[in-house]
Amino acid sequence: MDKRSKTHELDAEKGEYTIIKDADDPKLGMYDRPLPCFGCGIGWCSLLLGFVFPPMWYYATILYFGNYYLRDPRERAGLAASAIAALICTIALLITLLAILL
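Residues numbered from 1 in each chain as written. Predicted model: local features only at pLDDT ≥ 70, side-chain atom pairs only at ≥ 80, totals over all residues. Heavy atoms only, no water.

1. Here we look at the packing of helix 2 (residues 42-50) against helix 4 (residues 76-101)
Piece 1. Close contact between helix 2 and helix 4 brings their axes to 6 Å; oriented N to C, the two are set at 30 degrees. The orientation of helix 2 with respect to helix 4, classified from their angle, is roughly parallel. Handedness of the helix 2/helix 4 crossing: left-handed. Residue-level contacts link Gly-43, Trp-44, Ser-46 and Leu-47 of helix 2 to Ala-77, Gly-78, Leu-79, Ala-81, Ser-82 and Ala-85 of helix 4. (Axes fitted to C-alpha atoms, helices over the stretch in contact; angles between N-to-C directions. Helix = DSSP H or I, 4+ residues; strand = E, 2+ residues; numbered from the N terminus. Parallel < 35°, antiparallel > 145°, perpendicular 65-115°, else oblique. Left-handed = near helix turned anticlockwise from the far one by under 90°. Contact = heavy atoms within 4.5 Å.)

2. Here's the deal with helix 2
Piece 1. For helix 2, the complete set of buried residues consists of Ile-42, Gly-43, Cys-45, Ser-46, Leu-47 and Gly-50.
Piece 2. Elements that come into contact with the buried residues of helix 2 comprise helix 3 (55-65) and helix 4. (Buried < 20%, exposed > 50% of the residue type's maximum accessible area, 1.4 Å probe, protein only.)

3. Regarding the UniProt feature "transmembrane region" (unreviewed entry) in the chain
Piece 1. Per the UniProt record, "transmembrane region" (unreviewed entry) is found at residues 37-59 and 79-101.
Piece 2. Helix makes up 61% of residues 37-59 and strand makes up 0%, while its end C-alpha atoms are separated by 15 Å.
Piece 3. End C-alpha atoms of residues 79-101 are separated by 33 Å, and the span's content is 100% helix alongside 0% strand. (UniProt positions renumbered as here; feature names shortened; annotations may be inferred.)

4. What about the state of the cysteines?
Piece 1. Inspection of every chain in the model, using the stated rule, returns zero disulfides.
Piece 2. Between Cys-40, a cysteine without a disulfide, and Cys-45, which holds the nearest cysteine sulfur, the sulfur-to-sulfur distance is 4.9 Å.
Piece 3. A residue is classified by how much of its surface remains accessible, and Cys-45, at 14% relative accessible area, is buried. (Disulfide = S-S within 2.5 Å.)

5. Things to note about a nonpolar patch on the surface
Piece 1. A grouping of Leu-97, Leu-98, Ile-100, Leu-101 and Leu-102 is seen on the molecular surface, where their side chains present a nonpolar patch of about 630 Å² in accessible area.
Piece 2. Its place among the elements puts Leu-98 in helix 4.
Piece 3. Taking relative accessible area as the criterion, Leu-98 reaches 52% and is therefore assigned exposed. (Patch = residues over 30% accessible without salt bridge, like charges linked within 9 Å, V, L, I, M, F, W, Y side chains within 5 Å. Areas by Shrake-Rupley, 256 points an atom, 1.4 Å probe, with all protein chains shown as cover. Salt bridge = Lys/Arg side-chain N within 4 Å of Asp/Glu carboxyl O.)

6. So, unusual backbone geometry
Piece 1. Of note in the backbone geometry, Asn-67 takes a positive phi value of approximately 60 degrees without being a glycine.
Piece 2. Mapping Asn-67 onto the fold places it in the loop between helix 3 and helix 4.
Piece 3. Judged by its relative accessible area of 37%, Asn-67 falls in the partly exposed class.

7. Digging into the packing of aromatic side chains
Piece 1. With the rule as written, the count across this model stands at three aromatic pairs.
Piece 2. For the ring pair Phe-51 and Trp-57, a centre distance of 5.3 Å and an interplane angle of 90 degrees mean the geometry is edge-to-face.
Piece 3. On the numbers, 5.5 Å between centres and 40 degrees between planes, the contact of Tyr-64 with Tyr-69 is tilted.
Piece 4. Feature note: the residues Tyr-64, Phe-65 and Tyr-69 constitute an aromatic cluster, connected by ring pairs. (Phe/Tyr/Trp six-rings, centres within 6.5 Å; stacked < 30°, edge-to-face > 60°.)

Following this line, the structure appears as structure tokens:
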């Protein structure tokens, strides 16, 4: 048994909390910070704002295809939802333009 596991066992026996972060792996504390845009993330915020200002969907689509979610994987779902909303909006615009012009 190594020294690190012995100290964790002693702390657990005392009923004390141990630190989750590990100095050897800084990614363990990566998700402790809140997401931008009031904690819901850029993707979900863009999805909601897109109903008022649809170019926000296209902005989030650019971020999605630019692999912005690699910085923080929690952003992936919101960015994907915004990309789907941009696709639906584009198809609706094309159908509307075709109906008006033809």
